[in-house]
Amino acid sequence: MKYSIGIDFGTGSGRVLIVNVQTGEIAGMSVVKYSSGTIEKALFDNMIPDSFALQDSADYIDVLQKGIPAALADAGINKEDIIGMGIDFTSSTMVVTDETFTPLSWYENYKTNPHAYVKLWKHHGASEETAAILETSQKQKEKWLGNYGLNVSSEWMIPKILELKNKAPEILKKTAYIMEAGDWIVSRLVHENVRSNCARGFKSFWNEQDGFYYDFFEQIDPDLPTIVKEKLEGRLVKIGEKAGVLTREMSESLGLPEGLPVAAAIIDAHSSLLGIGSRQRNQLTMVMGTSTCHLMLHEDQKKVPGISGSVKDAIIPGLFAYEAGQSAVGDLFEFAVKQAPKEYIDEAKERNISVYKLLEQKAAGKKPGEAGLVALDWHNGNRSLLSNSGLRALLIGQTLHTKHEDIYRAYMEATAFGTKMIMSAYEEAGMDVEEVFACGGLPQKSPLLMRIYADILNKPIYISATDYAPAVGAAILGAVAGKTYDSIEDAVAGMEQPFLKTVHPIPENVEIYKKLFAIYKDMHDYFGKQNTHIMEELNKLSYL
Ligand SMILES: Nc1ncnc2c1ncn2[C@@H]1O[C@H](COP(=O)(O)OP(=O)(O)O)[C@@H](O)[C@H]1O
Ligand SMILES: O=C(CO)[C@H](O)[C@H](O)COP(=O)(O)O
C-alpha cells in the first residue's frame with residue numbers, strides 16, 4: 001500500500017491526513033490547534049486595531065513537526081510507503097520573510113510589531129488601500145476587475161502589500177519575500193522560492209497569459225511594480241505539478257523520506273473541491289467552516305458580479321475555477337454562542353453538551369418564520385455581491401418574546417440567504433447549479449444548518465462524509481506529484497470520498513423561506529447598496 005500526506009492549514013488548526021492513494025481511505029490523521037490562535041485584540045500587551053487578524057507562523061511549523069509524526073503513528077505505516085505530499089492553506093494569508101524564508105516576526109526586534117506577523121485572510125486592516133485600488137480601477141474597471149467580480153477585497157494580497165508599505169515601511173524594507181502562507185510552507189519544504197498559480201491568480205491580480213497586472217499596479221502606486229517584482233515573484237508552479245522535493249534537513253526533522261515529491265500549494269477551499277470529488281460544471285461546492293467559499297468549475301470564463309474571481313487551471317487543468325465567499329459563517333455561530341444567556345450555559349454544562357449543540361436543539365424545535373426574525377450576516381463585512389468589508393450586521397423583528405435560539409436560527413438562515421444571493425449570481429451569469437455539495441467542518445457539526453440550506457436554496461444538498469475534504473484534496477495533489485496518477489481527474493476518481501447523506505428540500509419550508517428571502521433581499525439592497533452612508537457613519541463613530 002502507498003500513501004500520500006495532505007495537510008490542510010485552516011483558520012484555527014492544521015490537519016494532517018495520511019490517505020491511501022489506491023483507495024482514498026484515510027489511514028491516519030492528526031489535528032494540531034494553533035496555540036496562538038488568531039491574534040485579534042492585542043499583541044503581547046499592545047492593543048491592535050479591531051480590523052486586524054494576525055497569526056504566528058511558528059504555529060504552522062508546529063503542525064508539521066507535531067502533526068506529521070502523530071498522523072504517521074496513527075496510520076501505523078512505514079514512512080517509506082509515503083509517495084507524495086500536498087499542502088492547502090487559507091488565502092490570502094500573507095507571510096513576510098527574510099531571504100532564508102525566516103518570518104520577520106521571529107526576529108527579536110520585530111516581535112512586538114504587528115506588521116511583522118502573518119496577516120490572516122480575514123485581516124481587514126487594508127480598507128483604505130482597497131478603496132484606493134477600487135478608485136484607480138474605475139478608469140478601466142472591466143479590464144482590471146472584469147474577472148474579479150468587478151470588485152476588490154481587503155482580504156487579497158495587493159491591498160495587504162500596500163498596507164505594509166503605508167503603515168510599516170521599516171518592515172517592508174527588511175522583507176525579502178512577501179508570500180502566500182501556502183507557498184511559504186512549500187518553499188521551506190523544498191528550499192526554493194516557488195509560487196503557486198492558484199492563490200496568485202485569485203488574490204494577486206495575475207493570469208498566466210498576461211502575468212501580473214503591472215500597468216494597473218503602476219497606476220495604483222508607482223512603487224508597487226518594483227515591490228511585486230522583487231518580493232512577490234518566484235518560480236511559478238501550477239496545480240497538478242511537483243513544486244520540488246523534500247530537502248534532507250526537512251525529511252530528517254519530519255520523519256519522512258528524503259526526496260519526497262511536494263505538490264504546488266492550493267487554497268484550502270479550492271482543495272476541498274478535489275476532496276469532495278467535483279470535476280465538472282453545474283456543481284456548486286460550499287466549503288463551510290469559519291467562513292464559506294462557494295466554488296464552481298466551467299470551460300468558459302464568464303463575468304460573474306460579486307465573485308472573488310475566476311482563474312484558469314487553478315483547481316483542474318483546462319477548466320476555469322470560480323470562487324465566491326462569505327466572511328463570517330461558523331464565526332457568526334461562535335459569536336452567538338458567546339452571547340448565550342447564563343442559564344443556557346448552565347444547562348449545556350449539566351447536559352454535558354456544547355452550547356452550540358444546545359442552541360441547535362432549541363432552534364430545531366422552531367418552524368421557519370415562526371420567530372419573525374430576519375438577519376443580515378455582515379458581522380465581518382460582505383465579500384460577495386457587495387464586496388464591502390465595512391458593512392455591519394443587522395437583526396430585525398425582535399420582540400420581548402424573542403429567545404436566543406431564535407436569533408441563532410435567524411443567523412443560520414441569514415448565512416443561507418447570503419449563499420442564495422451568490423448562487424443566483426452564478427446562475428444569472430449562465431452557470432446553472434444542478435448539484436450542491438457541502439463540505440468543511442460545519443455540515444457534520446450542524447444537521448439543522450443543512451436542513452435550512454436545502455430549504456432556502458431549494459436544492460438537494462450532498463454532504464461529504466469527511467470533515468477533512470481540503471486535506472484529502474491536498475493528498476490528491478500529493479499523489480499526482482508522486483506520479484501515482486497521470487492527471488488530477490484520475491486521482492480524484494481514484495481517491496474519491498463517499499457521501500454521508502443527501503438532504504432534500506421540504507416544499508412547505510421552501511415556500512415560507514421564499515417570503516423571508518424577499519425581506520432579506522430588500523434589507524441587503526437597502527443597507528448594502530442604496531444607503532451605504534448608514535454603515536459608513538456607524539464605522540466613523542465606532543472608530544472615534
Ligand atoms: N456544533 C457547531 N455548530 C455550528 N458551528 C460550529 C459548531 N462547532 C463549531 N462551529 C464553528 O465551526 C467553525 C470551525 O469550522 P472548521 O471547518 O472546523 O474550521 P476552519 O474554519 O478552521 O477550517 C468555527 O467558526 C465554529 O464557530
Ligand atoms: O478566502 C479564503 C479562500 O479563498 C479563505 O482561505 C477561506 O475563506 C478560509 O476559510 P476557513 O477558515 O473556513 O477554512
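Residues numbered from 1 in each chain as written. Chains lettered and ligands numbered in written order. Predicted model: local features only at pLDDT ≥ 70, side-chain atom pairs only at ≥ 80, totals over all residues. Heavy atoms only, no water.

Caption draft 1: Seen up close, the nonpolar core. In this structure, Tyr426, Tyr453, Ile461 and Tyr520 are the most contacted members of the largest nonpolar core, which totals 65 residues. The element that contributes the greatest number of residues to this core is helix H15 (residues 404-428), accounting for 13 residues. When neighbours within four sequence positions are excluded, isoleucine 461 is seen to be in contact with Met286, Val436, Ala438, Met450, Tyr453, Ala454, Lys501, Thr502 and Val503. (Core = buried A, V, L, I, M, F, W, Y, C linked by side-chain atoms within 4.5 Å. Buried < 20%, exposed > 50% of the residue type's maximum accessible area, 1.4 Å probe, protein only. Helix = DSSP H or I, 4+ residues; strand = E, 2+ residues; numbered from the N terminus. Contact = heavy atoms within 4.5 Å.)

Caption draft 2: Fine view of the packing of aromatic side chains. Counted under the stated rule, the structure contains 30 aromatic pairs. Consider the rings of phenylalanine 9 and phenylalanine 89, whose centres lie 4.6 Å apart with planes at 5°: the pair is stacked. Taken together, the residues phenylalanine 9 in strand E1 (residues 3-9) and phenylalanine 89 in strand E7 (residues 82-89) connect sequence positions 80 residues apart. Pair check on accessibility: phenylalanine 9 and phenylalanine 89 agree, each one buried. Relative to tyrosine 213, the ring of phenylalanine 205 has its centre 6.1 Å away and its plane inclined at 40°; by these criteria the two rings are tilted. A relative accessible area of 8% means that tyrosine 213 is categorised as buried. A cation over a ring is seen here: lysine 229 above tyrosine 214, with NZ or CZ 4.5 Å from the ring centre. (Phe/Tyr/Trp six-rings, centres within 6.5 Å; stacked < 30°, edge-to-face > 60°. Lys NZ or Arg CZ within 6 Å of the ring centre and 35° of its normal.)

Caption draft 3: Local environment of the UniProt feature "domain: Carbohydrate kinase FGGY N-terminal" (unreviewed entry) in the chain. Annotation from UniProt places "domain: Carbohydrate kinase FGGY N-terminal" (unreviewed entry) at residues 3-275. Annotation note: span residues 3-275, helix share 36%, strand share 24%, distance between end C-alpha atoms 15 Å. (UniProt positions renumbered as here; feature names shortened; annotations may be inferred.)

Caption draft 4: Quick look at the domain arrangement of the chain. Taken domain by domain, the chain holds domain 1 (3-275 + 466-501) and domain 2 (330-431 + 441-459 + 512-542). Each of domain 1 and domain 2 was reduced to a C-alpha centroid, and the two centroids are 29 Å apart. The partner domain 2 presents 9 residues to the 11 residues of domain 1 that form the contact. Carbon and sulfur atoms supply 36% of the area buried between domain 1 and domain 2, which totals about 860 Å² over both sides. (Domains from an automatic or database assignment. Buried area = accessible area lost by both parts, 1.4 Å probe.)

Caption draft 5: Focus on the state of the cysteines. One pass over the full model with this rule turns up 0 disulfides. With no disulfide of its own, cysteine 293 lies closest to cysteine 439 among cysteine sulfurs, the gap being 9.9 Å. Taking relative accessible area as the criterion, cysteine 293 reaches 8% and is therefore assigned buried. (Disulfide = S-S within 2.5 Å.)

Caption draft 6: Region of the structure containing the site of ligand 1. Close to ligand 1 lie 16 residues; Thr290, Gly330, Tyr356, Gly441 and Lys445 are nearest. The contact in question runs from an oxygen atom of ligand 1 to an N or O atom on the backbone of glycine 12, over 3.2 Å. Take threonine 290: an N or O atom from its side chain is 2.4 Å from an oxygen atom of ligand 1. About the coverage of ligand 1: the protein hides 82% of its 590 Å² of free accessible area. Going through the elements one at a time, helix H12 (330-338) and helix H16 (442-445) are the ones with two or more residues in the shell around ligand 1. (Near = heavy atom within 4 Å. Polar contact = N/O pair within 3.5 Å; in protein donor to acceptor, adjacent residues only side chain to side chain. Areas by Shrake-Rupley, 256 points an atom, 1.4 Å probe, with all protein chains shown as cover.)

Caption draft 7: Layout of the packing of helix H2 (residues 127-137) against helix H4 (residues 157-167). Interhelical geometry of H2 versus H4 gives an angle of 120° and a closest axis separation of 8 Å. When the axis of H2 is compared with that of H4, the two are oblique. Seen from above, H2 lies across H4 with right-handed handedness. On H4, the residues that touch Glu128, Glu129, Thr130 and Ile133 of H2 are Ile158, Pro159, Leu162, Glu163, Asn166 and Lys167. Here the residues of the contact of H2 with H4 sort into 4 nonpolar, 2 polar and 4 charged. (Axes fitted to C-alpha atoms, helices over the stretch in contact; angles between N-to-C directions. Parallel < 35°, antiparallel > 145°, perpendicular 65-115°, else oblique. Left-handed = near helix turned anticlockwise from the far one by under 90°. Nonpolar A, V, L, I, M, F, W, Y, C, P; charged D, E, K, R; others polar.)

Caption draft 8: Structural view of the sheet that holds strand E24 (residues 435-439). Overall, mixed pairing links the 7 strands, which are arranged E20-E21-E19-E18-E24-E25-E26 in an open sheet. Looking at the sheet topology across the chains shown, the edges are occupied by strand E20 (309-312) and strand E26 (499-503). The mean inter-strand angle of the sheet, taken between neighbouring strand axes irrespective of direction, is 25°. Across 5 bridges, strand E18 (residues 283-288) lies against E24 in parallel orientation. (Pairing = 2+ DSSP bridges.)

Caption draft 9: Main features of the UniProt feature "domain: Carbohydrate kinase FGGY C-terminal" (unreviewed entry) in the chain. Annotation from UniProt places "domain: Carbohydrate kinase FGGY C-terminal" (unreviewed entry) at residues 285-481. The span residues 285-481 is 42% helical and 19% strand by assignment, and the distance between its end C-alpha atoms comes to 24 Å.

Caption draft 10: A look at the site of ligand 2. By nearness alone, 13 residues border ligand 2, and Thr11, Lys203, Asp268, Ser291 and Glu323 come closest of all. Taking threonine 290, its main chain carries an N or O atom lying 3.2 Å from an oxygen atom of ligand 2. The side chain of serine 291 places a nitrogen or oxygen atom 2.6 Å from an oxygen atom of ligand 2. A total of 380 Å² of accessible area belongs to ligand 2 in isolation, and the protein chains cover 93% of it. Partitioned by chemical class, the residues of the shell around ligand 2 number 3 nonpolar, 6 polar and 4 charged.

Caption draft 11: Representation of unusual backbone geometry. Residue serine 91 is joined to serine 92 through a cis peptide bond whose omega torsion reads 0°. When you line up the elements, serine 92 lands in the loop between E7 and strand E8 (94-97). Despite not being glycine, histidine 191 has its phi angle at roughly 55°, a positive value. Looking at the secondary structure, you find histidine 191 in the loop between helix H6 (181-190) and strand E11 (194-196). Although it is not a glycine, lysine 483 adopts a positive phi angle of roughly 70°. Along the chain, lysine 483 turns up in the loop between helix H18 (469-481) and helix H19 (488-494).

Caption draft 12: Broad picture of the pairing of strand E2 (residues 13-20). Taking burial as the measure, the 8 residues of E2 include 7 buried ones, the bulk of the element. Between E1 and E2, which pair antiparallel in sequence order, lie 3 residues. Of the pairings in the sheet, the one linking E2 to strand E3 (residues 26-33) comprises 7 bridges and is antiparallel in character. Bridge pairing links valine 19 to isoleucine 26 in E3.

Caption draft 13: Examining the packing of helix H20 (residues 507-530) against helix H21 (residues 532-542) more closely. Put simply, H20 and H21 touch, their axes get as near as 5 Å, and they point 65° apart. Here Tyr526, Phe527, Gly528, Lys529 and Gln530 of H20 lie close against H21, whose contacting residues are Thr532, Ile534 and Met535. Within the contact of H20 with H21, the residues separate by chemical class into 4 nonpolar, 3 polar and 1 charged.

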